[in-house]
Amino acid sequence: MEAESRIAIESDADVVTARQRARELAAELDLSSTDQTLLATAISEVARNITTYAKRGEVRLRVVRDGDGRPGIEVVAADHGPGIADVERALQDGYTTGGGLGLGLPGARRLVDEFDIQSAPSAGTTVTLVMWSRTAARGVRA
Amino acid sequence: MAVPILKQGPVLIASIQTALTDTDVLQLREDVMGQVTRHRSRGIIVDVTALDVMDSFVSRSLRGIAHMTRLRGAETVIVGIQPEVAFAMVQLGMQFEDVQTALDLEEGLALLRTQLKEPLDGGG
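Residues numbered from 1 in each chain as written. Chains lettered and ligands numbered in written order. Predicted model: local features only at pLDDT ≥ 70, side-chain atom pairs only at ≥ 80, totals over all residues.

Draft legend 1. Fine view of the overall build of chain B. Scanning chain B for helices and strands turns up four helices and five strands. Its helices and strands in sequence order give chain B the pattern β-β-α-β-α-β-α-β-α, from N to C terminus. Here the C-alpha atoms of chain B give a radius of gyration of 14 Å, agreeing with the 14 Å that 2.2 N^0.38 yields for 124 residues. A burial count over chain B gives 40% of its 124 residues as buried. Of all intrachain contacts in chain B linking residues separated by at least 6 positions in sequence, the fraction that spans at least 24 positions is 75%. (Helix = DSSP H or I, 4+ residues; strand = E, 2+ residues; numbered from the N terminus. Rg over C-alpha atoms; globule rule 2.2 N^0.38 Å. Buried ≥ 20, exposed ≤ 12 C-beta atoms within 10 Å, placed from the backbone. Contact = placed C-beta atoms within 7 Å.)

See below:
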């Protein structure tokens, strides 16, 4: 069981901290520079959703492994904010209730390997992202 | 952290030095608009070489700067978008077609020089 890193999200500076912390972790796992950037960008989107809609929440980072021992980074962005009434709609490009471009959730989903969202009105929102290391996967096949 | 903006003749050069918070980005937009007016600038270069993430907020704000300055008669060029950042922007679905971009500061200045039809190094 590897250590979990927890970043409280209350301001736009915390959003930057969260994505930088994830990038450091991704670099330690030898994720490619591109994958580090994709992950950091996805975190920026989901963490901003916390400050925009819920005001506060947290981002948790940890290293996970799949059945072949391949490492990846799991990111959980959780809040106890207003929640999302229509999750399907929130995952469509261009839909927003926050005055942005509506690219946050659908964009983040396109940036990472795995994406899950759990939300209900007044119950808060939890978004889980996973980015797998590709280097190790090649090693397993070889 | 404030983004330094240098004046070179009719052109303003904003060189982003470090990761920007949303507040920093909004400040940059305000500073650029203020300086375009003060210096009657014809061109603006925003150097994003130092940015390792350009999420939807930053991208939208930079596009906003380009649109607003154009309404003031000045052309903005975004220079130095890193290859991984460009990849992430496309995956994210960011539309950036209506914004001028160039590889680096030198290319950006060359582009503005052609568009403004005047040398950029005179006039202090």
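From this point, things continue past the structure.
Draft legend 2. Representation of the interface of chain B and chain A. Between chain B and chain A, the contact holds 18 residues from the first and 23 residues from the second. Counting residues per element, the ones that place at least two in the side of chain B that touches chain A are α1 (22–39), α2 (56–71) and α3 (83–92) of chain B. Here the side of chain B that touches chain A gets six residues from one element, more than from any other, and that element is α3(B). Classifying every residue of the side of chain B that touches chain A gives eight nonpolar, five polar and five charged. (Nonpolar A, V, L, I, M, F, W, Y, C, P; charged D, E, K, R; others polar.)

Draft legend 3. Main features of the sheet that holds strand β5 (residues 124–132) of chain A. Residue and element names in this part refer to chain A. Strand order in this open sheet of five strands is β1-β2-β3-β5-β4, and the pairing throughout is antiparallel. Strands with a single pairing partner mark the edges of an open sheet, and in this sheet they are β1 (5–9) and β4 (114–120). Between one strand axis and the next, the sheet turns by 15 degrees as a mean value, whatever way the strands run. (Pairing = 2+ DSSP bridges. Axes fitted to C-alpha atoms, helices over the stretch in contact; angles between N-to-C directions.)

Draft legend 4. Local environment of the sheet that holds strand β4 (residues 75–79) of chain B. All names here are of chain B. One open sheet accounts for five strands, arranged β1-β2-β3-β4-β5; its pairing is mixed. Looking at the sheet topology across the chains shown, the edges are occupied by β1 (5–8) and β5 (100–102). The sheet shows a mean angle of 25 degrees between the axes of neighbouring strands, taken without regard to direction. When β4 meets β5, the two strands line up parallel, connected through three bridges. Within β5, the residue paired with V77 across the bridge is Q100. Each of β3 (43–47) and β4 is contacted by α2, which is oriented at about 155 degrees to β4, the strand it contacts most. Here helix α4 (residues 105–116) sits on the sheet in contact with β2 (11–15), β3, β4 and β5, set at roughly 160 degrees to β4.

Draft legend 5. Region of interest: the confidence of the model for chain B. Residue and element names in this part refer to chain B. For chain B, the mean per-residue pLDDT works out to 92, and 95% of the residues sit at or above 70. The element-level mean pLDDT for chain B is lowest in α2, coming to 94, with β3 highest at 98. Interface confidence for the predicted complex, expressed as ipTM, amounts to 0.90; the pTM equals 0.91. (pLDDT = per-residue confidence, 0-100.)

Draft legend 6. Geometry of the pairing of strand β2 (residues 57–65) of chain A. Residues and elements named next belong to chain A. The sheet contact formed by β1 and β2 spans five bridges and is antiparallel. Among the inter-strand pairings, I9 is bridged to a residue of β2, identified as G57. Inspection of the sheet shows β2 paired to strand β3 (residues 71–79) by nine bridges, in the antiparallel sense. Following the sheet pairing, R65 is matched in β3 by P71.

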